[in-house]
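# Architecture at a glance
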Amino acid sequence: AGLGSPRGALTASSPQDWEQRQEEDTLLIERILLLVRNVLHVPADPTEEQGVDGDASVHDRVLWALHISGMDDLLKFLASAQAEQQWALHVLEIISLMFRDQNPEELAALGQGSTGAEHGEDTQELETLRQRELAEKRARALQRTSR
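What counts, and at which threshold
Residues take numbers from 1 onward in each chain, read along the sequence in its written order. In view of the model being predicted, local features appear only for residues whose pLDDT reaches at least 70, and side-chain atom pairs are presented and counted only at 80 or more, with totals across whole chains, interfaces and linings using the full set of residues. Based on all heavy atoms of the structure, the side-chain values leave hydrogens and waters out of the count. Each salt bridge in this description consists of a side-chain nitrogen of Lys or Arg and a carboxyl oxygen of Asp or Glu lying within 4 Å of one another. Only runs of H or I of at least four residues qualify as helices and only runs of E of at least two qualify as strands under DSSP, and these elements are numbered from the N terminus. Relative accessibility under 20% of the residue-type maximum defines a buried residue, over 50% an exposed one, and the middle range a partly exposed one, all with a 1.4 Å probe and only protein chains included. Pairing of N or O atoms within 3.5 Å defines a polar contact, subject to two protein rules: one partner must be a possible hydrogen donor and the other a possible acceptor, and residues neighboring in sequence count only if both atoms are side-chain atoms. Helix axes use the C-alpha atoms of the stretch in contact, all axes being lines fitted to C-alpha atoms, and the angles between their N-to-C directions lie in the range 0 to 180 degrees. Angles below 35 degrees are treated as roughly parallel, those above 145 as roughly antiparallel, those between 65 and 115 as roughly perpendicular, and all remaining angles as oblique. Between two residues, a contact is recorded if the distance between any of their heavy atoms is within 4.5 Å. When residues are sorted by character, Ala, Val, Leu, Ile, Met, Phe, Trp, Tyr, Cys and Pro go into the nonpolar class, Asp, Glu, Lys and Arg into the charged class, and all the rest, Gly among them, into the polar class.

### So, the pattern of salt bridges
Tallied over the full model, the rule gives five salt bridges. Notably, a salt bridge pairs arginine 37 with glutamate 93, separated by 3.5 Å at the nearest N-O pair. Of this pair, arginine 37 sits in helix H3 (residues 23–41) while glutamate 93 sits in helix H6 (residues 88–98), and the two are 56 residues apart along the sequence. The exposure class of glutamate 93 is partly exposed, given its relative accessible area of 33%.

### Considerations on the side chain of glutamate 84
Note on placement: glutamate 84 falls in the loop between helix H5 (71–80) and H6. There is a polar contact of 2.9 Å between the side chain of glutamate 84 and the side chain of tryptophan 87.

### What about the packing of H3 against helix H4 (residues 58–69)?
Contact geometry of H3 with H4 gives a least axis separation of 10 Å together with a crossing angle of 155°. Considering the angle they form, H3 stands roughly antiparallel to H4. Of the residues in H4, those in contact with Val36, Val39 and Leu40 of H3 are His59, Val62, Leu63 and Leu66. Residues that form the contact of H3 with H4 fall into these classes: six nonpolar, one polar and no charged.

Structure below.
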């Protein structure tokens, strides 16, 4: 994607690309960020979202669409790139709106990660998979040498 596309305007990779970014590319980035912010800012309509328990809300579906489109990765890039500090407040506002319906205690509990037992099981499973992969590589190497 070149600089003419929204994704290209946001993901130019070398410093020279950033210097060559034109005013219209900068305006495009700002408009995209403002559009995302405005879409996320729309309040939930309880009468519209009366579905079966477990149904994703409109907000959740918008977040999923942003994820599928790769916009979340672009936001992470803009938030972490030194050359993109001018977008920090836009990105912060978008991230704030992404988490607006979340319970902070639940998010903190999710952030704690797995328990020690779960971690041990995961480590054991990874080690088993690694051993299986090594055995398959050895078998393929033996097959190649025996031909």
